[in-house]
Structure formats: C-alpha cells, structure tokens
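# Structural overview
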Amino acid sequence: MKRYSGNPIVERTDIPEIEPHLVDVTSVFNPGAIKVNDTYYLMLRVQNRGRQTFNVMAKSKDGINFDISNKIINFAGIEKIEEKIYHCYDPRITRINDTFYIMFAMDMEKICRLGLAQTKDFEQFEFLGIVSEKDNRNGVLFPEKIGGKFMRFDRPNKVALVDGPVTGSEIHLSESADLLNWEAVAKVAEGNHNYWDELIGAGPPPVKTKKGWLLVYHGIAMHYQPIYQAGVMLLDLENPAKIIARGKLNILEPRELYETVGQVPNVIFPTGLTVDNYNEYGFAKMDSKVHIYYGAADTSIGLAISTIEELIEKCFK
Ligand code: BMA
C-alpha cells in the first residue's frame, strides 16, 4: 500500500465555517466513504472546540481533492430518541440496491450503541433506529443479503481501558431480516494477545471478491500507549463467519508525523474504502484500484492506495 504523497487529504483548516457549531474546528477524521459512478463521497467526522461531534459530506471526482459541504448532516428523526445522545461518529457507508445505509457509533448516557440511517442522494438523511441492544461499536453492513438475511460485522464492547473508553477484542457476525433487529450469529475473529492486533474491530464494510469477503480492520497493540493499525482478512463468501486467511502483519501503521502526533497519537483508523471497478456480477476486480481513507491521530484524514489483489495477498502473509 502506498500513502498518497499529499497526505493528509483533509485537515481541520479545510472545513468551511458553519456557524455556530463549526468555526475554527479542532479535527476531522474517521470518514465513511463510497464511490458512486464517478463520484467519491466522504462522510466526515468533525469535532469542534466544545468536543462536540458533527458529520459533514464531502465530494470529489478524483478521490483526493474533496469539496466539503457547508451543511451539517441532520439524521432526520433522531430527535425522537429520548435518551441523551452525545456523539454520532465513525460512520460506515454501504450501498444495498439503490439506498445508501450509514451505520455509526452513538455515545449515549450509559453505553455506546449502533445507529442506522439511510439516504438516496447524500443530501437528505433519515434516521432508521438504534440497532444494537448492548454496548457495541464498529458496525459494518454487508452490501448484499446472505442466505436471505442482511449481515453485519460488529464489535461488542467488553474491555475497559484504564482512563479510556470501553472497547473490545472480538469481531462478531450478526444477521437481520429488516436491518433494525439484529441477532448475533457467531464470533468471527479475536485479538492476538501481545501482537499488533490485541484489540480489534471492523474497518470499512467488507468487499466482495472472487476469493472471499475482504475485510480491512483495525488492531490495537496495547503497549504502554495504544498503537492503532490497519490489517486485512479474507472470509468465506457464503459463510463470512469463517476466516480463509488473516494477515499476521499490519498493512498500515503510524509512521508519518500526522499519524504519530495529534489529538490521540499513533492512530490509523480505517473507516472508508472505495473500489474503482466491479465486474458485472458485483465482484471487485482483482486489478481494481482501492482507496482506503483513515483517521490519522484523531486529527486529520489520510489516504492509502492499493489494489484488491495486493490486499488479498497480504491476508496470506
Ligand atoms: C476508538 C474509537 C475511534 C478513535 C480511536 C482512537 O476507540 O473511539 O473513534 O479514532 O479510538 O482514539
């Protein structure tokens, strides 16, 4: 994988002033991403000096230079939730038929839950509901049903960090008939104690390839200070609870200054992935270019460029 030489591609100073909430913002990171026809879309997670979170859309023709909207996204209907919601963050975008679904984390009074919204045009967004009962994060929808059910990976939060958030070390597979009510199916992967991926969570939504579902995920090495990195695994097309291969090495780790220094140092947090070419059956082509968009040090957005073939190779290394 290659970092784009002009990284970071989006920084806090790129965010237009949106009075009164977004003025001289603090950071922009962990974006959702999707490519539709010839347009790349990012859903940016923007934080202000009040440490409040807002989501803002950005559009691009080359996947590198983004025009950032001057509107804060409103997930219409979310105001009906009675419990206090502090932050909606780390959106992941999945297209199913003609609808774009956004699954995101919601920090609420007691726990973090998953929320689901939909849009057809990235202008109007409709909140569909809270889609996890228990403490959970890193929910990513599959782009199609498997065995007649909608599927997602999610990451139950169980591990409490000293002075830090509740997190987790297992990626699970869940299924649903209606996208709103979810049932756990199986534990898919767990963290490797003492290695790069001690705590883990899914990154962007899985990509369908002829060799299996390709999943980019994040792993955290819990040394003195956590180090967040990206890795890859390949899962069975019909039964995505079954791992075909999982890379032993991370594929991207904090090395550049914008990744090692910032609000939270040493963080690479991949949340967006775009595929340039699919074949007529919906499989990503092996030689297709892939853009991986990641949060760098919870401060800015980095772009890493690869191909489907290269990422699959790394699953076997
Ligand atoms: C995780 C999430 C991410 C964040 C990362 C590093 O637990 O909260 O949103 O980027 O920590 O702080």
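Above: the structure in question.
Residues numbered from 1 in each chain as written. Predicted model: local features only at pLDDT ≥ 70, side-chain atom pairs only at ≥ 80, totals over all residues. Heavy atoms only, no water.

### Considerations on the side chain of S300
Among the secondary structure elements, S300 is positioned in strand β24 (residues 300-307). Take S300: its relative accessible area is 4%, and that puts it in the buried class. (Helix = DSSP H or I, 4+ residues; strand = E, 2+ residues; numbered from the N terminus. Buried < 20%, exposed > 50% of the residue type's maximum accessible area, 1.4 Å probe, protein only.)

### Observations concerning the site of the ligand
Close to the ligand lie N30, R45, D90, R137, Y228, V264, V267, F269 and D298. Between N30 and the ligand, the recorded distance is 2.9 Å, taken from a side-chain N or O atom to an oxygen atom. Interatomic distance of 2.6 Å between a side-chain N/O atom of D90 and an oxygen atom of the ligand. For the ligand, the accessible surface in isolation is 310 Å², of which the surrounding protein chains cover 88%. Each residue belonging to the shell around the ligand can be placed in one class, and the counts come to four nonpolar, one polar and four charged. (Near = heavy atom within 4 Å. Polar contact = N/O pair within 3.5 Å; in protein donor to acceptor, adjacent residues only side chain to side chain. Areas by Shrake-Rupley, 256 points an atom, 1.4 Å probe, with all protein chains shown as cover. Nonpolar A, V, L, I, M, F, W, Y, C, P; charged D, E, K, R; others polar.)

### Some details on the nonpolar core
In this structure, L214 and I308 are the most contacted members of the largest nonpolar core, which totals 23 residues. For this core, the elements supplying multiple residues, two or more each, are β19 (212-222), β20 (226-235), β22 (268-275), β23 (289-296) and α2 (308-315). Contacts of I308, omitting those with residues within four sequence positions, involve V207, T209, L214, V275, A284, K285, M286, S288 and V290. By size, the runner-up hydrophobic cluster in this structure holds 21 residues, among which are A33, F54, F66 and L303. (Core = buried A, V, L, I, M, F, W, Y, C linked by side-chain atoms within 4.5 Å. Contact = heavy atoms within 4.5 Å.)

### Topic: the sheet that holds strand β6 (residues 75-76)
With respect to topology, five strands assemble into an open sheet ordered β6-β10-β9-β8-β7, the strand pairing being mixed. Sheet topology places β6 and β7 (85-96) at the edges, where each strand pairs with a single neighbour. Pairing geometry for strand β8 (residues 99-108) and strand β9 (residues 112-119), over eight bridges, is antiparallel. Within β9, the position partnered with D107 by the bridge is C112. (Pairing = 2+ DSSP bridges.)

### Notes on the sheet that holds strand β16 (residues 183-190)
Spatial strand order, β11-β12-β15-β16: four strands in an open sheet with antiparallel pairing. Where the open sheet ends on each side, the last strands, each with one partner, are β11 (136-141) and β16. Within the sheet, the average angular offset between the axes of one strand and its neighbour, ignoring direction, is 25°. Where β11 and strand β12 (residues 150-156) come together, four bridges link them in antiparallel fashion. Residue pairing across strands places R137 opposite R155, the latter belonging to β12. (Axes fitted to C-alpha atoms, helices over the stretch in contact; angles between N-to-C directions.)

### Points about the environment of K35
Tracing the sequence through the fold places K35 in strand β2 (residues 27-36). Taking the C-alpha atoms as reference points, K35 and G77, 42 residues apart in sequence, are found 26 Å from one another. Each residue touching K35, except ones within four places of it in the same chain, is listed here: Y40, T274, V275 and D276. A polar contact of 3.2 Å, which involves the side chain of K35, links it to the side chain of D276.

### Comments concerning the packing of aromatic side chains
The relative placement of two aromatic rings is captured by the distance of their centres and the angle of their planes. The final tally for this structure, using the stated rule, is 11 aromatic pairs. Note on F66 and Y293: the rings are 5.9 Å apart at their centroids and 85° apart in plane angle, and the pair reads as edge-to-face. Placement of the pair is F66 in the loop between β4 (53-60) and β5 (67-68) and Y293 in strand β23, with a sequence separation of 227 residues. An identical accessibility class is assigned to F66 and Y293; each is buried. One cation-aromatic arrangement involves K84 over Y86; the distance from NZ or CZ to the ring centre is 5.1 Å. Just above the ring of F283 sits the side chain of K208; from NZ or CZ to the centre is 4.5 Å. (Phe/Tyr/Trp six-rings, centres within 6.5 Å; stacked < 30°, edge-to-face > 60°. Lys NZ or Arg CZ within 6 Å of the ring centre and 35° of its normal.)

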